[in-house]
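Fold and geometry: a report
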Amino acid sequence: MRVFLYGTLMDPAVARRVAGADRFVREARPALLPGWRRAMLRGTPYPTLVRDPTAAVHGVLAEVPPAVLRRLHAYEGPLYRFVRVRVLCDGAMLAARAWIAAEARALTARGSVRSRRAGRP
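The following paragraphs examine the structure supplied in this document.

Definitions and cut-offs
Residues numbered from 1 in each chain as written. Predicted model: local features only at pLDDT ≥ 70, side-chain atom pairs only at ≥ 80, totals over all residues. Heavy atoms only, no water. Helix = DSSP H or I, 4+ residues; strand = E, 2+ residues; numbered from the N terminus. Buried < 20%, exposed > 50% of the residue type's maximum accessible area, 1.4 Å probe, protein only. Contact = heavy atoms within 4.5 Å. Polar contact = N/O pair within 3.5 Å; in protein donor to acceptor, adjacent residues only side chain to side chain. Salt bridge = Lys/Arg side-chain N within 4 Å of Asp/Glu carboxyl O. Core = buried A, V, L, I, M, F, W, Y, C linked by side-chain atoms within 4.5 Å. Axes fitted to C-alpha atoms, helices over the stretch in contact; angles between N-to-C directions. Parallel < 35°, antiparallel > 145°, perpendicular 65-115°, else oblique. Nonpolar A, V, L, I, M, F, W, Y, C, P; charged D, E, K, R; others polar.

**Details of the environment of Arg2**
By the element assignment, Arg2 lies in strand 1 (residues 2-5). Residue classification places Arg2 among the partly exposed positions, given a relative accessible area of 31%. A C-alpha to C-alpha distance of 6.3 Å links Arg2 and Val64, two positions 62 residues apart in sequence. Once residues lying within four places of it in the same chain are set aside, the contact partners of Arg2 are Leu61, Ala62, Glu63, Leu94, Ala95, Ala96 and Arg97. Within polar-contact distance, the side chain of Arg2 engages the backbone oxygen of Ala95 at 3.2 Å.

Written out as C-alpha coordinates, the structure is:
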(Lines give C-alpha, C1' and ligand atoms only; values in the text may rest on other atoms or scores of the structure.)
Protein backbone atom coordinates (compact mmCIF):
# COMPACT_ATOMS: atom_id res chain seq x y z
CA MET A 1 0.00 0.00 0.00
CA ARG A 2 1.23 3.51 -0.81
CA VAL A 3 1.63 5.61 2.33
CA PHE A 4 2.59 9.28 2.56
CA LEU A 5 4.96 9.78 5.52
CA TYR A 6 5.63 13.26 6.88
CA GLY A 7 6.86 12.78 10.45
CA THR A 8 9.20 10.67 12.52
CA LEU A 9 8.53 7.52 10.48
CA MET A 10 10.63 9.02 7.67
CA ASP A 11 13.65 8.19 9.84
CA PRO A 12 14.82 4.60 9.13
CA ALA A 13 15.93 4.13 12.76
CA VAL A 14 12.45 5.05 14.04
CA ALA A 15 10.79 2.87 11.40
CA ARG A 16 13.01 -0.07 12.36
CA ARG A 17 12.19 0.40 16.06
CA VAL A 18 8.40 0.71 15.72
CA ALA A 19 7.71 -1.40 12.63
CA GLY A 20 10.53 -3.93 12.74
CA ALA A 21 11.60 -2.87 9.25
CA ASP A 22 13.05 0.12 7.48
CA ARG A 23 13.29 -0.94 3.86
CA PHE A 24 10.00 0.83 3.06
CA VAL A 25 11.54 4.12 4.25
CA ARG A 26 14.91 3.61 2.58
CA GLU A 27 13.14 2.93 -0.74
CA ALA A 28 10.60 5.75 -0.36
CA ARG A 29 10.49 8.56 -2.90
CA PRO A 30 10.15 12.29 -2.21
CA ALA A 31 6.54 13.43 -2.44
CA LEU A 32 4.44 16.53 -1.96
CA LEU A 33 0.95 16.65 -0.46
CA PRO A 34 -0.81 19.77 -1.80
CA GLY A 35 -3.72 21.34 0.05
CA TRP A 36 -2.49 20.42 3.53
CA ARG A 37 -0.09 21.86 6.12
CA ARG A 38 1.57 20.55 9.26
CA ALA A 39 0.21 21.41 12.70
CA MET A 40 1.01 20.06 16.12
CA LEU A 41 -1.34 17.51 17.63
CA ARG A 42 -2.82 19.15 20.72
CA GLY A 43 -1.22 17.88 23.95
CA THR A 44 1.57 15.97 22.18
CA PRO A 45 4.94 16.65 20.54
CA TYR A 46 3.69 15.00 17.32
CA PRO A 47 2.57 16.54 14.03
CA THR A 48 -0.65 16.10 12.15
CA LEU A 49 -2.01 17.66 9.00
CA VAL A 50 -4.83 20.14 8.46
CA ARG A 51 -6.40 21.21 5.19
CA ASP A 52 -5.01 24.45 3.79
CA PRO A 53 -5.51 25.19 0.08
CA THR A 54 -2.49 27.52 0.07
CA ALA A 55 -0.01 25.04 1.53
CA ALA A 56 1.74 21.76 0.75
CA VAL A 57 3.60 19.26 2.90
CA HIS A 58 6.90 17.66 1.89
CA GLY A 59 7.32 14.02 2.81
CA VAL A 60 7.95 10.66 1.21
CA LEU A 61 5.81 8.09 -0.55
CA ALA A 62 6.47 4.57 0.68
CA GLU A 63 5.22 1.16 -0.40
CA VAL A 64 4.35 -0.48 2.92
CA PRO A 65 3.79 -4.25 3.13
CA PRO A 66 0.69 -5.45 5.06
CA ALA A 67 2.59 -6.88 8.06
CA VAL A 68 4.51 -3.62 8.51
CA LEU A 69 1.33 -1.59 8.01
CA ARG A 70 -0.32 -3.38 10.96
CA ARG A 71 2.58 -2.40 13.22
CA LEU A 72 2.48 1.20 11.98
CA HIS A 73 -1.26 1.41 12.69
CA ALA A 74 -0.56 0.30 16.27
CA TYR A 75 2.22 2.87 16.58
CA GLU A 76 0.08 5.76 15.28
CA GLY A 77 -2.70 4.86 17.70
CA PRO A 78 -6.35 5.87 17.94
CA LEU A 79 -5.82 9.63 17.59
CA TYR A 80 -4.98 9.28 13.90
CA ARG A 81 -7.24 8.24 11.02
CA PHE A 82 -5.79 6.54 7.94
CA VAL A 83 -7.02 8.99 5.30
CA ARG A 84 -6.96 8.79 1.50
CA VAL A 85 -4.85 11.55 -0.05
CA ARG A 86 -3.38 12.41 -3.46
CA VAL A 87 0.32 13.18 -3.58
CA LEU A 88 2.64 14.51 -6.24
CA CYS A 89 5.48 12.06 -6.75
CA ASP A 90 7.77 11.66 -9.75
CA GLY A 91 5.68 14.16 -11.71
CA ALA A 92 2.37 12.34 -11.25
CA MET A 93 -0.56 12.64 -8.84
CA LEU A 94 -0.89 9.31 -7.03
CA ALA A 95 -3.40 7.87 -4.58
CA ALA A 96 -1.98 7.14 -1.15
CA ARG A 97 -2.93 7.05 2.52
CA ALA A 98 -1.68 9.16 5.42
CA TRP A 99 -2.24 9.19 9.17
CA ILE A 100 -4.09 12.40 10.03
CA ALA A 101 -5.78 13.36 13.29
CA ALA A 102 -9.17 15.03 13.37
CA GLU A 103 -8.69 18.76 12.79
CA ALA A 104 -10.25 19.47 16.20
CA ARG A 105 -7.19 17.74 17.74
CA ALA A 106 -4.75 20.05 15.91
CA LEU A 107 -3.52 23.34 17.30
CA THR A 108 -5.55 25.64 15.06
CA ALA A 109 -7.49 27.76 17.54
CA ARG A 110 -6.70 31.31 18.75
CA GLY A 111 -2.99 31.57 19.60
CA SER A 112 -2.22 28.41 17.69
CA VAL A 113 -0.24 27.67 14.55
CA ARG A 114 -3.04 28.82 12.21
CA SER A 115 -3.77 32.14 13.95
CA ARG A 116 -0.08 33.07 14.24
CA ARG A 117 0.37 32.32 10.55
CA ALA A 118 -2.53 34.61 9.73
CA GLY A 119 -0.97 37.39 11.83
CA ARG A 120 -3.62 37.38 14.54
CA PRO A 121 -2.72 37.48 18.28
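That shown, we press on.
**Details of the environment of Phe4**
By the element assignment, Phe4 lies in strand 1. C-alpha of Phe4 to C-alpha of Val87: the two residues are 83 residues apart in sequence and 7.6 Å apart in space.

**Topic: the pattern of salt bridges**
This structure, assessed with the given rule, holds 6 salt bridges. Of the charged contacts, one joins Arg2 and Glu63 as a salt bridge, the two residues approaching to 3.6 Å between their closest N and O atoms. Here Arg2, found in strand 1, pairs with Glu63, found in strand 3 (residues 47-63); they are 61 residues apart in sequence, far enough to count as distant. Judged by its relative accessible area of 48%, Glu63 is partly exposed. For the salt bridge of Asp52 with Arg37, the shortest nitrogen-to-oxygen distance reads 3.4 Å. Placement of Asp52 in strand 3 and of Arg37 in strand 2 (residues 29-40) is noted, with a sequence separation of 15 residues between them. Pair check on accessibility: Asp52 and Arg37 agree, each one buried. Connected through salt bridges with shared partners, the residues Arg16, Asp22 and Arg26 form a single ionic network.

**Regarding the side chain of Arg37**
Given the relative accessible area of 6%, Arg37 is considered buried. At a separation of 3.4 Å, a polar atom in the side chain of Arg37 contacts the side chain of Asp52.

**Here we look at the nonpolar core**
Among the nonpolar cores identified, the biggest contains 37 residues, and Phe4, Leu5, Phe24, Leu72, Val85, Val87 and Trp99 are the most heavily contacted of them. Those elements that place two or more of their residues in this core are strand 1, helix 1 (12-19), helix 2 (23-26), strand 2, strand 3, helix 3 (66-76), strand 4 (80-89) and strand 5 (92-101). The contacts of Leu5, once residues within four sequence positions are left out, are Met10, Phe24, Val25, Gly59, Val60, Ala62 and Trp99.

**Regarding the packing of helix 1 against helix 3**
The relative placement of two packed helices is expressed as an angle between their axes plus a distance between the axes. Interaxial distance between helix 1 and helix 3 falls to 9 Å at its minimum, and their mutual angle equals 95°. Comparing the axis directions of helix 1 and helix 3 gives the class roughly perpendicular. Across the interface between the two elements, Val14, Val18 and Ala19 of helix 1 pack against Val68, Arg71, Leu72 and Tyr75 of helix 3. Of the residues contributing to the contact of helix 1 with helix 3, the split by class is 6 nonpolar, no polar and 1 charged.

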